[in-house]
Amino acid sequence: GQNIMNIEACEYRNAFLKYHPDIAVVTNVDPDHLDFFKTEAAYTKAFHVFARSAKCLVMLADEAQKKWMIGLAPTTVLVSADSFEVRGEVFNSIQPGIYPFSLPALLVPGDHIRLDAQLAYVVSQLLWLDAEAAKKSLAQYPGSWRRMEVIGTTKNSNLVMSDYGHHPTEIIATLWALKKAHPDKKLIVFFEPHQYSRTYELRNEFATSFASADMTYISDIYAARDIDERRDMITSKILAEMVAKNSPCEYVGTLDDAQKKLQTVDAEQKNSLLLLLGAGNIDELRWSI
């Protein structure tokens, strides 16, 4: 048997630079936590250092924004839909080369979920785990709390779901996946922005992130590690006005106001998907309908 420790590492305050992993899986390098990093260049530099700290770097082959990371670790593994390519040094007795694979259908919808599954499967093979057991496990994965989590169906036949997504890239992927999985339902989103600094720095990206939603209601920003300067530069009302230029959106106020709106929408709609979205307290609304 192998002694394996799996860590979900965060880049905030360069926390992930404290680790020196045998295998580092990088899912994305979309700028975030700019209250700490200040610039995209500083954010990118941190990932540069992180990649060099790993013995083996695993990433998706077709993501252009990560091409600069190839070769920073002694071994780089590029993952595609049906194969993975090992470049550089031999890792864990696995020689450089191309290794084909195929994955079964998954229970959880979304292209981003399938990409994560591809990365997970490849890591299992780098660790010499049983291939068929890995595929079976991925096929049976039911999803996790607050990641496109199904809460239930209301008495008005509306499906209620919850998701932790709070970055524009996450939101786009999640809403697109849910719309594709439930094309017969109106997708109505209740979004609580997380951090004034993130909301301000990524306001233009947020403005176009809700295109897949039929309606978005935005409540007040959840404050975390924020400075007064940022509080004066952005509000949820301003953000809602920006989003409304690209897709239907309204500002609803406090979480109490959002709860009342949720109850009203539930009473008025039938066969819709009501999504509670954000990393703050928006998930607490699940108990109100």
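Residues numbered from 1 in each chain as written. Predicted model: local features only at pLDDT ≥ 70, side-chain atom pairs only at ≥ 80, totals over all residues. Heavy atoms only, no water.

1. A word on the overall build of the protein
Heads up, the condition is: The secondary structure listing takes helices from DSSP runs of H or I that are at least 4 residues long and strands from runs of E that are at least 2 residues long, numbered from the N terminus. It is over C-alpha atoms that the radius of gyration is taken, and the globule rule equals 2.2 Å times the number of residues to the power 0.38. Relative accessibility thresholds used throughout: buried, under 20% of the residue-type maximum; exposed, over 50%; partly exposed, between the two (1.4 Å probe, protein chains only). Using a 1.4 Å probe, accessible areas were evaluated by the Shrake-Rupley method; residue-level cover was limited to the displayed protein chains.
Counting secondary structure elements, the protein contains ten helices and eleven strands. The globule rule puts the C-alpha radius of gyration for 289 residues at 19 Å, and the 21 Å found for the protein is close to it. Taken along its principal axes, the extent of the C-alpha atoms in the protein is 60 × 45 × 30 Å. Out of the 289 residues belonging to the protein, those deemed buried represent 48%. Summed over all atoms, the accessible surface of the protein reaches about 14600 Å², with 51% contributed by carbon and sulfur.

2. Details of empty space enclosed by the protein
How we decide: Of the grid points, spaced at 1 Å and generated over the protein atoms alone, those admitting a 1.4 Å probe that cannot get out make up cavities, while open sets with protein on both sides within 12 Å along at least five of seven lines make up pockets; any residue with an atom within 4 Å of a point is treated as lining. Grid points are joined across faces, edges and corners, and a volume is the space filled by probe spheres set on the points. Put simply, Ala, Val, Leu, Ile, Met, Phe, Trp, Tyr, Cys and Pro go in the nonpolar bin, Asp, Glu, Lys and Arg in the charged bin, and everything else, Gly too, in the polar bin.
Tallied over the entire structure, the rule returns one cavity of 30 Å³ or more. Here the largest cavity defines a volume of roughly 40 Å³. When residues of the lining of the largest cavity are traced back to their parent elements, those giving at least two are α1 (34-37) and α6 (196-201). The element best represented in the lining of the largest cavity is α6, accounting for three residues. Grouping the amino acids of the lining of the largest cavity by side-chain chemistry returns two nonpolar, two polar and four charged.

3. Section: the nonpolar core
Here is the rule we go by: Definition used in this section: a nonpolar core is a set of buried Ala, Val, Leu, Ile, Met, Phe, Trp, Tyr and Cys residues joined via side-chain atoms within 4.5 Å. Between two residues, a contact is recorded if the distance between any of their heavy atoms is within 4.5 Å.
Of all hydrophobic cores here, the largest spans 24 residues; its most connected members are L175, V189, F191, F210 and L275. Contributions of two or more residues to this core are made by β7 (159-163), α5 (168-181), β8 (187-191), α9 (236-244) and β11 (273-277). A per-element tally of this core places α5 first, with four residues. Beyond its immediate stretch of four places on either side in the chain, F191 contacts G165, H166, I171, F206, F210, T216, Y217, I218, S219, L239, L277 and G278.

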